[in-house]
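# Coordinate inspection notes
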Amino acid sequence: LGMHSHRMAAIRPQMAKEKIEGCHVCTLVTPGEPQVLLGKDKAFTYDFVFDIDSEQQHIYQTCVYKLIEGCFEGYNATVFAYGQTGSGKTYTMGTGFDVNPSLQEQGIIPRAVHHLFEGIQSRRDRAQEIGIQAPEFKVSAQFLEVGHTKKFDPIF
Ligand SMILES: Nc1ncnc2c1ncn2[C@@H]1O[C@H](COP(=O)(O)OP(=O)(O)OP(=O)(O)O)[C@@H](O)[C@H]1O
C-alpha cells in the first residue's frame, strides 16, 4: 500500500476588517515557484501555491481533479484543509451553508461531488452507446470538520 500526499497553500484576499485596520499583505509569492515569502526572511515551499487572485476553478483543476479521476480507477483520495480561524478553509472547501456562492466561487466539495456523479453518468452512458453492460459504481464519502481542539495539532 502506498500513500502519496501533496501540500498546497492558498492565500486569501484581505477581509474588509483587515483593510480598515490598515493591515498589510505580508506574503509574497515567488513568480514561477510554489513558494511563499513571509516578511523578509521566511520562505515556505509547497507543491502548489495559489496567490490572492487565484480562482476556485484553478485550485480544483490543479489539486483535486486528478484525485477524482483516480477514484474511477479505484483509488481512495482525501482532501484536508487546515489553518487558523479565518484563514479560508470553509471558503476553499466550499462547505459554508449560510451563503450561496456563485458558480465561480464554488469550492472543492461541491465541485468534487459534481465531477464524481458526472463521471459516473458519462461512463454509464458511454457503455450504453457501445452496447456493453453499464458499469456499477459504489460511492462512499466522508466529510469531517474538526474544530476548536486546542490540544490537537493537525500538522502532525
Ligand atoms: N479566496 C478567498 N477569496 C475571497 N474571500 C475569501 C477567500 N478565502 C476566504 N475568504 C473569506 O474570508 C473569510 C474567512 O474565511 P473562512 O470562513 O473560509 O475561514 P475558516 O478558515 O473556515 O475559519 P474558521 O476556522 O473560523 O471556520 C470569509 O468571509 C470568506 O468568505
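Residues numbered from 1 in each chain as written. Predicted model: local features only at pLDDT ≥ 70, side-chain atom pairs only at ≥ 80, totals over all residues. Heavy atoms only, no water.

Applicable threshold: UniProt positions are given in the numbering used here, feature names are shortened, and annotations may be inferred rather than shown by experiment.
Naming follows an unreviewed UniProt entry, where the chain appears as Kinesin motor domain-containing protein of Xiphophorus couchianus. In the Subcellular location (unreviewed entry) part of its UniProt record, the chain is described as follows: "Cytoplasm, Cytoskeleton". Taken verbatim from the UniProt record of the chain, the Sequence similarities (unreviewed entry) comment is "Belongs to the TRAFAC class myosin-kinesin ATPase superfamily. Kinesin family."

## Comments concerning the layout of surface pockets
Note the threshold: Residues are said to line a cavity or pocket when one of their atoms sits within 4 Å of a point; the points come from a 1 Å grid over protein atoms alone, cavities being sets where a 1.4 Å probe fits but cannot get out and pockets being open sets with protein on both sides within 12 Å along at least five of seven lines. Grid points are joined across faces, edges and corners, and a volume is the space filled by probe spheres set on the points. Side-chain classes are defined by residue name, with Ala, Val, Leu, Ile, Met, Phe, Trp, Tyr, Cys and Pro counting as nonpolar, Asp, Glu, Lys and Arg as charged, and the others, Gly among them, as polar.
As a volume, the second largest pocket reaches approximately 230 Å³. Looking at the lining of the second largest pocket residue by residue, the class counts come to four nonpolar, seven polar and two charged.

## Topic: the pairing of strand S4 (residues 42–45)
Operational definition: When DSSP locates at least two bridges between a pair of strands, those strands are taken to pair. By definition, any uninterrupted DSSP run of H or I lasting at least four residues is a helix, any uninterrupted run of E lasting at least two residues is a strand, and each is numbered from the N terminus.
Two strands pair when backbone bridges link them, and strand S3 (residues 35–38) and S4 are joined in this way by four bridges, in the antiparallel orientation. Residue Leu38 lies in a different strand from S4, and its bridge partner there is Lys42. Linking S3 to S4, which pair antiparallel, is a turn of three residues; within it Gly39 sits at a positive phi near 65 degrees.

## Looking at the domain arrangement of the chain
To be explicit about the condition: Marked domain ranges trace back to an automatic or database domain assignment. The contact criterion used is simple: two residues touch if any of their non-hydrogen atoms lie within 4.5 Å. Here the quantity called buried area is the accessible surface, traced with a 1.4 Å probe, that two parts lose on coming together, added over both. One speaks of a salt bridge when a side-chain nitrogen belonging to Lys or Arg is within 4 Å of a carboxyl oxygen belonging to Asp or Glu.
When the domains of the chain are assigned, the result is domain 1 (1–54) and domain 2 (55–135). Each partner contributes residues to the interface: domain 1 has nine residues there, and domain 2 has 10 residues. The contact between domain 1 and domain 2 buries some 720 Å² in all, and 68% of this surface belongs to carbon and sulfur atoms. Put simply, domain 1 and domain 2 have zero salt bridges between them.

## Concerning the packing of aromatic side chains
We count it as follows: Stacked, tilted and edge-to-face pairs are distinguished by plane angle, under 30 degrees for stacked and over 60 for edge-to-face with tilted covering the rest, among Phe, Tyr and Trp rings (Trp via its six-membered ring) whose centres lie within 6.5 Å. Only when the NZ of Lys or the CZ of Arg is both within 6 Å of the ring centre and within 35 degrees of the ring normal is a charge said to sit over the ring.
With the rule as written, the count across this model stands at two aromatic pairs. Pairing Phe80 with Tyr82 gives two aromatic rings, centres 6.0 Å apart and planes at 45 degrees, and the pair type is tilted. We note Arg123 situated over the ring of Phe72; from NZ or CZ to the ring centre the distance is 3.8 Å.

## Some thoughts on a nonpolar patch on the surface
Selection rule: For patches, a residue must show more than 30% relative accessible area and have no salt bridge; joins then use 9 Å for like charges and 5 Å for nonpolar side chains, namely Val, Leu, Ile, Met, Phe, Trp and Tyr. The Shrake-Rupley method, run with a 1.4 Å probe, gives the accessible areas here. Residue values count only the displayed protein chains as cover. A simple rule labels every residue: compare its accessible area, found with a 1.4 Å probe on the protein chains alone, to the largest value its type can have, and call it buried under 20%, exposed over 50%, or partly exposed in between.
Together, Val113, Phe117, Phe137 and Val139 give the surface a local cluster of nonpolar side chains, amounting to about 320 Å² of exposed area. By secondary structure assignment, the location of Phe117 is in helix H5 (residues 108–129). Phe117 sits in the partly exposed class, given a relative accessible area of 45%.

## Comments concerning the site of the ligand
Applied cut-off: A molecule or strand has a residue near it when one of that residue's heavy atoms lies within 4 Å. We call two N or O atoms a polar contact when they sit within 3.5 Å, provided that within protein one can donate a hydrogen and the other can accept it, with sequence-adjacent residues counted only if both atoms are side-chain atoms.
Around the ligand lies a shell formed by Arg12, Pro13, Met15, Gln84, Thr85, Gly86, Ser87, Gly88, Lys89, Thr90 and Tyr91. Here an oxygen atom of the ligand sits 2.9 Å away from a polar atom, N or O, in the main chain of Gly86. At a separation of 2.8 Å, an oxygen atom of the ligand approaches a polar backbone atom of Tyr91. The protein chains hide 64% of the 630 Å² of surface that the ligand would expose on its own. Grouping the amino acids of the shell around the ligand by side-chain chemistry returns three nonpolar, six polar and two charged. Both of domain 1 (1–54) and domain 2 (55–135) provide at least three residues apiece to the shell around the ligand.

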